[in-house]
Amino acid sequence: MSLQRMLKLHYVLVLVLCVSASEDFDWTKNERGSFYYGTFPTGFSWGAGGSAYQTEGAWDKDGKGMSIWDVFAHKKGKIFLNDTADHSCEGYYKFKDDITLMKDMKFNHYRFSISWPRIFPNGIKADHINEKGIKYYDDLINMLLDNNITPIVTLYHWDLPQVLQEKYGGWQNVSMVNYFNDFANLCFERFGDRVKYWVTFNNPWSSAVEGYETGEHAPGLKLRGTGAYKAAHHIIKAHAKVWHTYDTQWRSKQKGLVGISLLADWGEPVDITNQRDIEAAERYVQFYMGWFATPIFNGDYPQVMKDYIGRKSAQQGLGTSRLPVFSSQEKSYIKGTCDFLGIGHFTTRYITQKNYPSGRGNSYFTDRDLVELVDPRWPDPGSEWLYSVPWGFRRLLNFVKTQYGNPMIYVTENGVSEKVQRCTDLCDDWRMQYFKDYINEMLKALKDGVNVKGYTAWSLLDKFEWDEGFSERFGLFYVDFLNKNKPRYPKASVQYYKRIISSNGFPNQREVESWKRKATETCSSSNQLLAADPLTSHMEMVTEIVVPTVCTLCILLAAVFLMFLLRGRF
Ligand code: NOJ
């Protein structure tokens, strides 16, 4: 996520009064700040994740087609330092090494995404199926299963085939529904005997808002006030269609589950005694997660979105709302199309009411009539937008429970980044703290009765962070992108997370308090290894290039010398 998004936080305030005021919220009473020692239910699933464009590299190899991200990242000025994910972590070639890392951490699952243009290079099944792409995912899935790691597979993590963008306008066009369904159907056919957890879309909010409204993400369109709503409308329809395809054609044979992964920050009212702030905070969450979750669980867009966008459209003199409408058949077709809900959560905002007069310049953001605020005391170690506010996680999970009938939840993304510094430090103290506190809030939510089944740390590796390029590192493992072999180095949080996994939670104070110290002991030796990396890669270059060249030259010289000798003799 970008700096622009951060700048949308119009004010940064010291919210001392508000922090203490919000202590009254029911399910967090008496508990905010206090640590809960306890463990997760047996069978709780632990893992980490990544996505195709962010990690695979091999952008033009083995018959892969271009995605909108390949094209967008190659345009100058779109990505920080004009980085691209052409090579990124080279996950396409190094997945076996990565599975070894996961095995060592005793992961129960790994979340990754399938690149649509790696399977259908031109986006369309009738055009061409790329068997080499299929083989890559087959090998990845098989090796995960051989190591007892369950694959959780996302079908769309933002990498639409470029051809579909050029020919049809991408998600602005309803024809994507059928094209995406064809792609999903092929994945079910070819991988569904082994994959039992499918995520149709990852964080469609970003695809819609950043792809078609602000233009910070691929395909980079700035269709303010309409683009995001239209894209989201088609994405929701596509999700429902794919769920029905699985339900009618594959479920009885394959016995898997199909869900969607929604990203949501929590929105807390600035003043919990002020009704307008309470409503503004509710609106924030409804315009974020509710936009997608409400149609899928309850059959239609949140009433508050229909009211606000409808009213503003009328004030603009438009005959119809900028928010598209589902027909009654569509509503019943979409309702109930979620076997589990994936939640991506990173941070929280304070929210207060603010009226934006309608007129020219309407956008998704002004439609909400609110302002986002942050408390400057919240830790903010990495990405500008990511403040560590663990209690927001518990509130969000409880919100999901009450709003959508306590669905089965998998946390599909949660983690924190660091900005690239000149001296890399693998002793990521703040990440250990973040995981400790956020996972603890998830445990509290479980005790509140929220149906959370698994947790996915974001992310396994440092990787391409969209418009921020490689400048923000979310990985448990540090990746040296300057070295062509892209070596991985464990950060201290690897050890920490490993202990959470092996204890299935936080057994007792004495033990948990020793974890950080133990993790920090090992990271200093990793730091030394990393510091020696330029030397190691130099030596590797010597062995890979200089040694063979010198040897070949020696052999040639010896041959010439021998020829001379032999000539003299005869
Ligand atoms: C959500 C996106 O799904 C993921 O790809 C990204 O790395 C994280 N946000 C962090 O920005």
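Just so we're clear, the structure is a prediction, and the values are computed from it rather than from any experiment.

Basis of the calculations
Residues numbered from 1 in each chain as written. Predicted model: local features only at pLDDT ≥ 70, side-chain atom pairs only at ≥ 80, totals over all residues. Heavy atoms only, no water. Near = heavy atom within 4 Å. Polar contact = N/O pair within 3.5 Å; in protein donor to acceptor, adjacent residues only side chain to side chain. Areas by Shrake-Rupley, 256 points an atom, 1.4 Å probe, with all protein chains shown as cover. Nonpolar A, V, L, I, M, F, W, Y, C, P; charged D, E, K, R; others polar. UniProt positions renumbered as here; feature names shortened; annotations may be inferred. Helix = DSSP H or I, 4+ residues; strand = E, 2+ residues; numbered from the N terminus. Buried < 20%, exposed > 50% of the residue type's maximum accessible area, 1.4 Å probe, protein only. Contact = heavy atoms within 4.5 Å. Pairing = 2+ DSSP bridges. pLDDT = per-residue confidence, 0-100.

Enquirer: Looking at this structure, I do not really get the site of the ligand. What am I missing?
Expert: Around the ligand sit 13 residues, and of these Gln54, Asn202, Glu413, Trp458 and Glu465 come closest. Within the side chain of Asn202, one N or O atom sits 2.8 Å away from an oxygen atom of the ligand. Protein chains shield 99% of the accessible area of the ligand, which is 300 Å² for the free molecule. Split into classes, the residues belonging to the shell around the ligand amount to 7 nonpolar, 3 polar and 3 charged.

Enquirer: Just to check I follow, could you spell out the UniProt feature "active site" (unreviewed entry) in the chain for this structure?
Expert: UniProt annotation of "active site" (unreviewed entry) refers to Glu413 when read in the numbering used here. You can see Glu413 is positioned in strand S12 (residues 409–414). Using a relative accessible area of 7% as the deciding quantity, one classes Glu413 as buried. Excluding its chain neighbours within four sequence positions, the residues that come into contact with Glu413 are Arg111, His157, Asn202, Leu263, Ile343, Gly344, His345, Phe346, Thr456 and Trp458.

Enquirer: Any chance you could explain the pairing of strand S6 (residues 197–202) here in plain terms?
Expert: Remember that side chains alternate between the two faces of the sheet whenever the strand is regular. Burial analysis of S6 places 5 of its 6 residues in the buried class, the great majority of the element. Relative to S6, strand S5 (residues 150–156) is paired through 4 bridges, and the arrangement is parallel. By the bridge assignment for S6, Ile152 is matched with Tyr197. Where S6 meets strand S7 (residues 257–263), 4 bridges bridge the pair, whose relative direction is parallel. Residue Asn202 lies in a different strand from S7, and its bridge partner there is Ser261.

Enquirer: What am I meant to see in the confidence of the model for the chain here?
Expert: Close inspection of predicted coordinates is inappropriate for parts of the model with low pLDDT. The predicted model of the chain averages 91 in pLDDT, with 90% of residues at 70 or higher. Scored below 50 in pLDDT, residues 2–30 makes 66 contacts in the model with residues more than four places away or belonging to other chains.

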